[in-house]
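Residue strings, one per chain:
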Amino acid sequence: MLKTATALVLFLFAISPANAAGAWQEYIYEEDAFAVQFPAPPTTGTEMYETSISETRPANTHSAEFDNILFKVRVIDINDMIDQGANFVVEAAYNLQRMGNVVYNDFPRVGLRGNATFGIAMVVDTEDGHRIRSSYYFENGRLYLVEAIVTPERGDLDQALPSRFDQTLRLRLDAQLN
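Bear in mind that the values here come from a model prediction, so they are computed numbers and not experimental data.

## Let's talk about the sheet that holds strand S2 (residues 34–38)
Next, step 1: Taken in spatial order, the three strands make up an open sheet running S1-S2-S12, and their pairing is antiparallel. Only two strands of the sheet have a single partner each, and these edge strands are strand S1 (25–29) and strand S12 (170–171).
Next, step 2: Pairing between S2 and S12: two bridges, direction antiparallel. Counterpart to phenylalanine 34 in the pairing with S12 is leucine 171.

## Quick word on the environment of glutamine 159
Next, step 1: Tracing the chain through its elements places glutamine 159 in the loop between strand S11 (142–150) and helix H3 (161–167).
Next, step 2: Filtering out sequence-adjacent residues up to four positions away, glutamine 159 remains in contact with Ile69, Val150 and Arg154.

## Considering unusual backbone geometry
Next, step 1: Not every positive phi belongs to a glycine, and asparagine 68 is a case in point at roughly 60 degrees.
Next, step 2: At arginine 113, a residue that is not glycine, the phi angle is positive and equals roughly 45 degrees.

## Describing the packing of aromatic side chains
Next, step 1: Taken as a whole and assessed by the stated rule, the structure comprises six aromatic pairs.
Next, step 2: On the numbers, 5.2 Å between centres and 70 degrees between planes, the contact of phenylalanine 71 with phenylalanine 165 is edge-to-face. Of the two residues, phenylalanine 71 is situated in strand S5 (residues 69–77) and phenylalanine 165 in helix H3; the sequence distance between them amounts to 94 residues. Comparing phenylalanine 71 with phenylalanine 165, the two get one shared label, buried.
Next, step 3: An aromatic cluster of at least three residues, connected via ring pairs, comprises Trp24, Tyr27, Phe38, Phe71 and Phe165.

## Some remarks on the environment of alanine 93
Next, step 1: Secondary-structure assignment places alanine 93 in helix H2 (residues 85–97).
Next, step 2: On the basis of relative accessible area, alanine 93 is assigned to the buried category, the value being 5%.
Next, step 3: Separated by 28 residues in sequence, alanine 93 and alanine 121 place their C-alpha atoms 8.0 Å apart.
Next, step 4: Not counting the four nearest positions on each side in its chain, alanine 93 is found in contact with Ile120, Met122 and Tyr136.

## Structural notes on the nonpolar core
Next, step 1: Ranked by size, the top nonpolar core spans 23 residues in total, and within it Phe34, Phe38, Phe71, Phe165 and Leu169 carry the most contacts.
Next, step 2: Listed by contribution, the elements that provide at least two residues to this core are S1, S2, S5, S11 and H3.
Next, step 3: Apart from the residues within four sequence positions on either side, phenylalanine 34 is in contact with Tyr27, Ile28, Tyr29, His62, Val73, Val75, Tyr144, Leu169, Arg170, Leu171 and Leu173.

Conventions adopted
- The residue numbering used here restarts from 1 in each chain and proceeds along that chain's sequence as written.
- Local features are withheld for residues below a pLDDT of 70 in this predicted model, meaning they are given only at 70 or higher, and side-chain atom pairs are given and counted only at 80 or more; totals for whole chains, interfaces and linings count all residues.
- Side-chain metrics rest on all non-hydrogen atoms present in the structure, leaving aside hydrogens and water.
- Note: two strands are recorded as paired if DSSP finds a minimum of 2 bridges between them.
- Helix and strand assignments come from DSSP, with helices taken as H or I runs of at least 4 residues and strands as E runs of at least 2, each series counted from the N terminus.
- The contact criterion used throughout is that any non-hydrogen atoms of two residues lie within 4.5 Å.
- Two rings belonging to Phe, Tyr or Trp (six-membered ring only in the last case) form a pair when the distance between their centres is within 6.5 Å. Interplanar angles under 30 degrees mark stacking, angles over 60 mark edge-to-face geometry, and anything in between is tilted.
- For the exposure calls, accessible area comes from a 1.4 Å probe over protein chains only, and a residue counts as buried if that area is under 20% of its type's maximum, exposed if over 50%, partly exposed in between.
- Working definition of a nonpolar core: buried Ala, Val, Leu, Ile, Met, Phe, Trp, Tyr and Cys residues. They are joined through side-chain atoms within 4.5 Å.

And the structure:
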C-alpha cells in the first residue's frame, strides 16, 4: 500500500503544472542563428531596439509567457558594426543594472572550447517588483538579449525556470561539439 501511495504521489508531481519540466521544447531559429528552449510555444515578431551606440535598430523577437514569466530573446543585427559588438553587450547590461538592484552577475559561456561564446549574465530586481534574469551575447554580427522576466504576480522570485531558459541557448548551430 505504501509503495502504491508513493508511486501515485510521484506520478501526480511529475504531471503537475508546477513541475512542467516535460513541457520545455527546443526551437531552432536558423534565420537568427540560434536555438533555445521555451516552456510554451513561442511567438515571433519585431520591435525597435534603442541604443546610444548607433541609430535605433530592428530586433527580431521570440517570446513565450508561462506561469507569470515572460521568456524573451531579442536578436539585433549589428553586422555593419562588428567592431562595436562588445560595446553593445556591455551597454545592454549597463542599462539593465540601472533598472534596479543587481542581485547576481556572472560571465557565462555558450558552447565548448573553440566554439565558445562568452557573455554577461545578470539578475536584477526592478523598482516595480519584477525580477529580470538576463544573458547577453555577441556572435556572428548579432546581439542576443535573452531575458526571463518574472512578474510580481508570480509571487516567487526565487525559482529555477528563468535560469533554465537562458542556459538552453545554443549559438553556432553548425558547430560540432568538442
